[in-house]
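Chain by chain, the residues:
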Amino acid sequence: MPQVLVPGAADVAPASSDGVGLSNPQLSQGRRRMLDLVNKLHSTGVQVDIDLPQIAVIGSQSAGKSSLIESISGITLPRAAGTCTRCPTECRLSRSEDRWKCVVSLRFTTDARGQVLGQARNEPFGPTIYDKKEVEDRIRRAQRAILNPSAPAKHYLESEDVEGEASQLSFSTNCVSLQISGPDVADLSFCDLPGLIASVSRGGSTSDIALVENLVTSYIKKPSCIILLTVTCETDFENQGAFNLARLHDPEGKRTIGVLTKPDRIPQGEEQSWLAYIRNEREPLLNNWYCVKQPSSSELKTGMSWEEARSSENRFFSMTPPWSELDSVYQKYLRTFNLLERLSSILSDLISKRLPGIQDELQKMILKTTQDIILLPREPSKDPLSEVATLLYSFAADLRQHVDGVPDDDGLLQAIQPFQEHFRRQIRATAPAFVPFEKEKAFRASLDIPSFLSTEDGKIDDIGAHAIYIDEVLERAKKARTRELPGHYPFIVQRKYIEEFLKNWEAPTILLCNRIHGTLVDYIRELVTERFADFGQGNLENRIHLILHGHLKKCLQRTQEKIKWLLEVEGNPFSLNTHYLQDYKDKFLAHYKDARKDKHPPDDSHESQGHVKSVLSGLAALGFSRVEEKDFAKLLSGDKMEPALEIMANVRSYFQVSYKRFVDNIPLAIDYELIRGVERGALKELYSGLGLNGVDAARICQELVQESPQVAHRREELSKKLQRLNVASEQLLRIGL
């Protein structure tokens, strides 16, 4: 293929071996390395994540973009209808001392359904090209492959006739990438975007208009994108929508370089209106407007070389009024060489300013991406059976620790303790409310809480709404007599009173059991969620919830059976704590007698007190030193209610012994069968319920560890992003930024 000739001055284009723009050996090696670096950054795909300096060539259809690209790159682009401008073409040019070569690849950022990929996919399209004549056909085939994403790309590389096949898409956001290097190649990178369209032909889709505009916008909206805007002179400026789009995203014209094409087709007499752009008088831009003249398709078909094309362009601007009559200050805005040199300079300056900021952005994005990966659920293990087993054993150990007790305010045992204390007080409140006064005289007397109970039970009033008066007790005892000797009463009387308070124990006991069970269910649910919520797709967590729910249900049934047994056992009065039973009986009997004595208080005169002291002294002399004044109540006799007092003291003392036994036994039973019972068989139940004891254990675990497609996709997306960012960061560090 004919090579690009590089003009050596603003108004002439002799052949030169020095190259153009950044390919000029006179430029510093540092600037060249920076451009190489940006090209390498583009190759990593990191432009998906950060704003990299680049040039985007835009314009309306038939605005001369392809001819301009050919002039800059030195290759011929396909001219067949339907392919030349229907997908982006990225050109990365670099000067090299090696022989000229071109590598063509396909870059996919969306799949066949148009869904955005987590990472750009770069696919080489054929072997490296060393003959420029082969480039046009390779690009044509590559564009066909882009427009047919469902078909293998290899088909379009090897097929005899790709032009005769219909395309799946009319336009695509995926692009063809060209990496061109050689001795006479400019150091420049740009992307040729599909031309903006105002209408579609028959069979086309109106959605293509928005698709192309969105595609162009995705490039030019970035602050580091240089907009190379092509405007043809053969159509009214106002009718070309590309300028309006560029102005929308670059309202001050700081990033836009305007290029007027096809100046030889300006209608006679209208030249001055176009010259106003070159003078930057109309729609002024910071980097000005340029004008170029490229060979027509017919001229290229006749075999015109690029050297001849540049000479033809130079003759046109040098000899054709009014271009040739422009002041010398504006001549630098004419000809392709001047445009290319300016593009190289602007891109170089932009890269130099942008690179330090890119490094900062990369480091911040690497940190953010790393944190996002950490926040994801743990990645599935390569050995799922061992991982599941480790998780189960760890959970069982954790459960055991919580059952044994943890020093936290929200621990399991801390949550249960208030229920146990409430249960104790409820049972204590069922004590028979014996009153040692006749019912008709009770309102004139008062009964204090025994002092010996206040230190044991706290301030609990024995006398409630269901008081049992002493005359009622005696009457009941008399009615129960059968063959007993005079002065004796059957045990059935005491047993009936015992049964009456025992029947009130069942409801508080069931309430305690249900409360602890409910707390245990909630606690274990939270523990399971904490341990397994982030594992796989949640199947393991759900199955463990179900297994432990069934296990808890079995533990509850055993606990209820034990509680029922304890209630039935208590139904038969019994105690081997004869010492405590007798001690309580003596205390209650004295308490009741003392209360009855207070109704007729003894003589408190000085003389009476003296007699009492004399008696106590005499008893002490006989060895009874522990006898106190209050013990004299036990010596009182002659009370006709004596049998009732005995019954009341016996029943009340048995209550103290049995209730203390009961409020220990019930929580112990619940603790053993329910609380510790859950932990005791949990691991066995989990292994059995999950099926990990059989031959399918490995397969089951493999299914359990699989994470959700959403998490897997997110993990893959972030991992690829982090890889891109790290590679890009390494490239920056190599240049010493």
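All values derive from a computational prediction rather than experimental measurement. (Residues numbered from 1 in each chain as written. Predicted model: local features only at pLDDT ≥ 70, side-chain atom pairs only at ≥ 80, totals over all residues. Heavy atoms only, no water.)

Would you mind going over the overall build of the protein with me for this structure?
A count of helices and strands for the protein gives 23 helices and 11 strands. Considering only contacts in the protein between residues 6 or more positions apart, those separated by 24 or more positions represent 78%. Of the accessible surface of the protein, which amounts to about 36900 Å², a share of 50% is contributed by carbon and sulfur atoms. (Helix = DSSP H or I, 4+ residues; strand = E, 2+ residues; numbered from the N terminus. Contact = heavy atoms within 4.5 Å. Areas by Shrake-Rupley, 256 points an atom, 1.4 Å probe, with all protein chains shown as cover.)

Honestly, the packing of helix α18 (residues 539–570) against helix α21 (residues 642–690) in this entry has me stumped. Any pointers?
The angle between the axes and the distance between the axes are what describe a pair of packed helices. At a minimum axis separation of 8 Å, α18 and α21 run at an interaxial angle of 155°. Judged on the interaxial angle alone, α21 and α18 are roughly antiparallel. As α18 runs across α21, the sense of the crossing is right-handed. Along the lines of polarity and charge, the residues of the contact of α18 with α21 split into 20 nonpolar, seven polar and eight charged. (Axes fitted to C-alpha atoms, helices over the stretch in contact; angles between N-to-C directions. Parallel < 35°, antiparallel > 145°, perpendicular 65-115°, else oblique. Left-handed = near helix turned anticlockwise from the far one by under 90°. Nonpolar A, V, L, I, M, F, W, Y, C, P; charged D, E, K, R; others polar.)

When you look at the environment of Ile492 in this model, what are you seeing that I'm missing?
With respect to the helices and strands, the residue Ile492 is situated in helix α16 (residues 492–502). Taking relative accessible area as the criterion, Ile492 reaches 38% and is therefore assigned partly exposed. In the structure, Ile492 is positioned 12 residues away from Ala480 in sequence and 7.6 Å away in space, judged by C-alpha atoms. (Buried < 20%, exposed > 50% of the residue type's maximum accessible area, 1.4 Å probe, protein only.)

Sorry, what's going on with the pattern of salt bridges here?
Oppositely charged side chains can pair when the atoms bearing their charge come close. On inspection of all chains with the given rule, the structure shows 40 salt bridges. Salt-bridge contacts for Lys65 lead to Asp192; the nearest nitrogen and oxygen are separated by 2.8 Å. Of this pair, Lys65 sits in helix α2 (residues 65–73) while Asp192 sits in strand β6 (residues 188–192), placing them 127 residues apart in sequence. In this structure, the salt-bridge partner of Arg715 is Glu707, at a minimum N-O distance of 2.7 Å. The pair formed by Arg715 and Glu707 is uniform in burial state, with each residue classed as buried. Shared partners join several salt bridges into a network, and the residues in it are Glu136, Asp137, Arg140 and Arg141. (Salt bridge = Lys/Arg side-chain N within 4 Å of Asp/Glu carboxyl O.)

What exactly am I supposed to notice about the packing of aromatic side chains here?
Two numbers describe a pair of aromatic rings. These are the distance of the centres and the angle of the planes. For the structure shown, the criterion picks out 20 aromatic pairs. Arranged with centres 5.9 Å apart and planes meeting at 85°, the rings of Phe317 and Trp323 form a pair that is edge-to-face. The two residues Phe317 and Trp323 agree in class, both being buried. Through pairs of rings, three or more aromatic residues link up here, namely Phe423, Phe501, Trp505, Phe655, Tyr659 and Phe662. It is Arg481 that lies over the ring of Tyr489; its NZ or CZ is 5.8 Å from the centre. Sitting above the plane of the Trp565 ring, Lys562 keeps its charged end 5.6 Å from the centroid. (Phe/Tyr/Trp six-rings, centres within 6.5 Å; stacked < 30°, edge-to-face > 60°. Lys NZ or Arg CZ within 6 Å of the ring centre and 35° of its normal.)

Please clarify how the environment of His517 should be interpreted in this entry.
Summarising the element assignment, His517 is placed in helix α17 (residues 506–532). Residues His517 and Cys555, 38 residues apart in the sequence, show an inter-C-alpha distance of 9.4 Å. Excluding its chain neighbours within four sequence positions, the residues that come into contact with His517 are Leu552, Leu556 and Leu674.

Where do I start with unusual backbone geometry in this structure?
Glycine aside, residues mostly have negative phi, and peptide bonds are mostly found in the trans state. The step from Pro321 to Pro322 runs through a cis peptide bond, and the omega angle for that step is 0°. The topology assignment puts Pro322 in the loop between α9 (306–319) and α10 (328–331). For Lys262, which is not glycine, the phi torsion reads 55° and is therefore positive. In this fold, Lys262 is placed in the loop between β8 (256–261) and α7 (271–278).

Is there a simple way to think about the packing of α17 against α18 in this case?
Between α17 and α18, the shortest axis-to-axis distance is 10 Å and the interhelical angle comes to 160°. As judged from the angle between their axes, α17 and α18 are roughly antiparallel. Between α17 and α18 the crossing geometry is right-handed. Of α18, the residues touching α17 (which contributes Glu506, Thr509, Cys513, His517, Leu520, Val521, Ile524, Arg525, Val528, Thr529 and Phe532) are Leu540, Glu541, Ile544, His545, Leu548, Leu552, Leu556, Thr559, Gln560, Ile563 and Leu567. The class makeup of the residues in the contact of α17 with α18 is 13 nonpolar, six polar and three charged.

Got a minute to help me understand the pairing of β6 in this structure?
Two faces, one strand: in a regular strand the side chains alternate between the faces of the sheet. In terms of burial, β6 is a largely internal element, five of the five residues being buried. Covered by surrounding structure in β6 are Leu188, Phe190 and Asp192 together with Ser189 and Cys191, the residues of both alternating faces. One ladder, built from three bridges, connects strand β1 (residues 54–59) with β6; its direction is parallel. Looking at β6, one finds that Ala56 is bridged to Cys191. The sheet contact formed by strand β2 (residues 89–95) and β6 spans five bridges and is antiparallel. For Cys91, the partnering residue across the bridge sits in β6 and is Phe190. (Pairing = 2+ DSSP bridges.)

What's the story with the pairing of β2 in this structure? I'm lost.
With five of seven residues buried, β2 is to be regarded as a mostly interior element. Two elements, β2 and strand β5 (residues 175–182), share seven bridges in a ladder whose sense is parallel. Each residue of the ladder has a partner; that of Thr89, found in β5, is Val176.

Honestly, α2 in this entry has me stumped. Any pointers?
In an α-helix, one turn spans 3.6 residues, which is why side chains three or four residues apart end up on the same side. In terms of residue burial, α2 counts as a mostly covered element, since nine of its nine residues are buried. Backbone geometry just downstream of α2 places Gly74 in the positive-phi region, at approximately 80°.

Looking at this structure, I do not really get a negative patch on the surface. What am I missing?
Taken together, the side chains of Asp408, Asp409, Asp410, Glu526 and Glu530 define an acidic patch exposed on the protein surface. Relative to the elements of secondary structure, Glu526 occurs in helix α17. (Patch = residues over 30% accessible without salt bridge, like charges linked within 9 Å, V, L, I, M, F, W, Y side chains within 5 Å. Lys, Arg positive; Asp, Glu negative; His and termini not counted. Charge placed at Lys NZ, Arg CZ, Asp CG, Glu CD.)

Mind showing me how you'd approach the confidence of the model for the protein here?
When pLDDT drops low, the exact placement of atoms in the prediction is not to be read closely. Averaged over every residue, the pLDDT of the protein is 84; the share at 70 or more is 87%. Note that pLDDT drops below 50 for residues 1–28; the model gives that stretch 73 contacts with residues more than four away or on any other chain. (pLDDT = per-residue confidence, 0-100.)

Which parts of the structure should I look at to understand the environment of Leu229?
Tracing the sequence through the fold places Leu229 in strand β7 (residues 225–232). Considering only alpha carbons, one finds Leu229 and Ala242, 13 residues apart in sequence, at a separation of 7.2 Å. When residues no more than four places from it in sequence are discounted, the contact partners of Leu229 are Ile58, Ala242, Phe243, Thr256, Ile257, Gly258, Val259 and Trp289.

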